[in-house]
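# Fold and geometry: a report
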Amino acid sequence: MDDVALYAPMTYDESGYPRYAFPANHPAHGDEQYTERRNRIAHQGARHVYGTPAPEIDYHEQDNETWRVIQRSLAERHDEYAAADVVRWAAELDLPTDRVPQLNEVTERLTAMSGFALEPAVGFVPIEQFYGVQADRKFFAAQFIRHHSQPLFSPEADVVHELVGHAPALGNPKVSELYRLTGEAVRRVTLPRTVELVSRIFWFTLEYGVIEQKGQPRAYGAGLLSSFGELEKFRGADIRPLDLKGMATTEYDITDYQHVLFAGRSIDHVHDFFSEFLLTVDDEDPDRIGVSF
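So, how was this worked out
- Residues numbered from 1 in each chain as written.
- Predicted model: local features only at pLDDT ≥ 70, side-chain atom pairs only at ≥ 80, totals over all residues.
- Heavy atoms only, no water.
- Helix = DSSP H or I, 4+ residues; strand = E, 2+ residues; numbered from the N terminus.
- Rg over C-alpha atoms; globule rule 2.2 N^0.38 Å.
- Buried < 20%, exposed > 50% of the residue type's maximum accessible area, 1.4 Å probe, protein only.
- Contact = heavy atoms within 4.5 Å.
- Areas by Shrake-Rupley, 256 points an atom, 1.4 Å probe, with all protein chains shown as cover.
- Lys, Arg positive; Asp, Glu negative; His and termini not counted.
- Charge placed at Lys NZ, Arg CZ, Asp CG, Glu CD.
- Phe/Tyr/Trp six-rings, centres within 6.5 Å; stacked < 30°, edge-to-face > 60°.
- Pairing = 2+ DSSP bridges.
- Axes fitted to C-alpha atoms, helices over the stretch in contact; angles between N-to-C directions.
- Core = buried A, V, L, I, M, F, W, Y, C linked by side-chain atoms within 4.5 Å.
- Parallel < 35°, antiparallel > 145°, perpendicular 65-115°, else oblique.
- Nonpolar A, V, L, I, M, F, W, Y, C, P; charged D, E, K, R; others polar.
- Polar contact = N/O pair within 3.5 Å; in protein donor to acceptor, adjacent residues only side chain to side chain.
- Expected span 1.5 Å × (residues − 1).
- Salt bridge = Lys/Arg side-chain N within 4 Å of Asp/Glu carboxyl O.

### Considerations on the overall build of the chain
Looking only at helices and strands, the chain has 13 helices and 8 strands in total. A compact globule built from 293 residues would reach a C-alpha radius of gyration of about 19 Å, and the chain, at 18 Å, matches this within 12%. Seen through its principal axes, the chain has C-alpha atoms that stretch 50 × 40 × 40 Å. Burial analysis of the chain (293 residues in total) assigns 58% to the buried set. For the chain, the share of sequence-separated contacts (at least 6 apart) that also reach a separation of at least 24 residues comes to 65%. Within the structure as shown, the chain displays about 12,700 Å² of accessible surface, and the carbon and sulfur contribution to it stands at 51%. Between the centroid of the 28 positive side chains of the chain and the centroid of its 47 negative side chains there is a distance of 3 Å.

### As for the packing of aromatic side chains
Tallied over the full model, the rule gives 15 aromatic pairs. Both rings, one in Phe 116 and one in Tyr 179, keep their centres 6.3 Å apart while their planes meet at 70 degrees; by these two values the pair is edge-to-face. Placement of the pair is Phe 116 in the loop between helix H4 (103-113) and strand E3 (117-120) and Tyr 179 in helix H7 (residues 173-188), with a sequence separation of 63 residues. Assigned by exposure class, Phe 116 and Tyr 179 land together as buried. Here the aromatic rings of Phe 204 and Phe 262 are separated by 5.0 Å at their centres, their planes lie at 75 degrees, and the arrangement is edge-to-face.

### Let's talk about the sheet that holds strand E7 (residues 238-241)
Read from one edge to the other, the open sheet built from 4 strands follows the order E6-E5-E8-E7, with strand pairing classed as mixed. Each edge of the open sheet is held by one strand with a lone partner, namely strand E6 (216-219) and E7. If you compare each strand with its neighbour and ignore which way they point, the axes differ by 45 degrees on average.

### So, the environment of Leu 93
By the element assignment, Leu 93 lies in helix H3 (residues 84-93). In this structure Leu 93 comes out as buried when scored by relative accessible area, which is 2%. Sequence spacing of Leu 93 and His 26 is 67 residues, and the spatial spacing of their C-alpha atoms is 32 Å. For Leu 93, the residues in contact, after removing those within four places along its chain, are Arg 109, Leu 110, Met 113, Leu 163, Ala 167 and Pro 168.

### Observations concerning the nonpolar core
Judged by nonpolar contacts, the single largest core of 85 residues is most densely connected at Leu 118, Leu 163, Tyr 179 and Phe 274. Top element by residues in this core is helix H8 (residues 192-207). It accounts for 8 residues. Once you skip the residues sitting within four places of it in the chain, Tyr 179 turns out to touch Phe 116, Gln 134, Phe 139, His 166, Ala 169, Leu 170, Phe 202 and Leu 206.

### Focus on the packing of helix H6 (residues 159-170) against H7
Between H6 and H7, the shortest axis-to-axis distance is 6 Å and the interhelical angle comes to 105 degrees. One way to sum up the angle between H6 and H7 is to call them roughly perpendicular. Across the interface between the two elements, His 166, Ala 169 and Leu 170 from H6 touch Val 175, Ser 176 and Tyr 179 from H7. The class makeup of the residues in the contact of H6 with H7 is 4 nonpolar, 2 polar and no charged.

### Points about the side chain of Arg 180
Structurally, Arg 180 is set in helix H7. Residue Arg 180 is classed as buried on the basis of its relative accessible area, which comes to 14%. At 2.4 Å, the side chain of Arg 180 and the side chain of Glu 177 are in polar contact.

### As for helix H2 (residues 61-81)
Given a rise of 1.5 Å per residue, 21 residues ought to cover 30 Å, and the 30 Å separating the end C-alpha atoms of H2 matches this to within 8%. Among the residues of H2, Asp 63, Asn 64, Thr 66, Trp 67, Arg 68, Ile 70, Gln 71, Ser 73, Leu 74, Arg 77, His 78 and Tyr 81 are the ones counted as buried. Looking at the buried residues of H2, the elements they touch are helix H1 (32-47), H3, H6, E6, helix H9 (222-225) and helix H10 (228-233).

### With respect to the pattern of salt bridges
This model, assessed by the stated rule, comprises 24 salt bridges. As a salt-bridge pair, Glu 119 and Lys 138 come within 3.8 Å of each other at their nearest N and O atoms. With Glu 119 in strand E3 and Lys 138 in strand E4 (residues 138-141), this residue pair connects regions lying 19 residues apart in the sequence. Exposure class is identical for Glu 119 and Lys 138. Each is buried. Note that Glu 177 is salt-bridged to Arg 180, the shortest N-O span being 2.4 Å. Highlighted residues: Glu 177 and Arg 180, both in helix H7, separated by 3 residues, approximately one helical turn.

This is the structure in structure tokens:
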């Protein structure tokens, strides 16, 4: 995501299918053709049966051109700001650069690499469900792409965020294990505040994590990797060492650039830190760590 999020409220028509209503400050406001495409994608996702192949999306040429522009722009930023591990993971996943990939073809590659599969997401997915299915090596992913008028700005997590941000890590067996352990942890605990604790550690690692490489912070979190603007600015954030209590008690705004980030010494360091937490977290942890949410 990028800049201030201008989320499009979702309503439902008489048949129970979702429809988007874009606010005046959303890039898609007033574009009836894009709105119709977005609603059609939402309808296809709403009809999808969990565990079956994702619906094939008939992307418009404008959508494919948006993908091409983003691919070129982010590739340059990744060379400068992304962790070397991420660049390698992305090369192994080898997403097409000339068109928006279908979730099914990406799933085929992920399954061969790590056993993960992508499930289409429509609108808001409840937090317990979003994380919980990761225990089954499933990941909910949006299928729509941002509006072509602002290809480097995403008001919501779109297919770019999912496939450029999350998919390379989901294809890596060691890092994808952190997603699976997150799902197991969320299914194991019973209190909402413990789920919130897990979500916060996930946010500051797999969504907005950085590591130190050759004396410079480098991004590996999906939210950074899919944000053209934030990649240029994240080094100006308050970057702190990995710390459970710090992550759990640091407030963050999903509609803005992150002002506080947490850095590991390496991907292996992040893996060891996060996996140890996920394997042992229980409903007493919020009290032990000293958080009040």
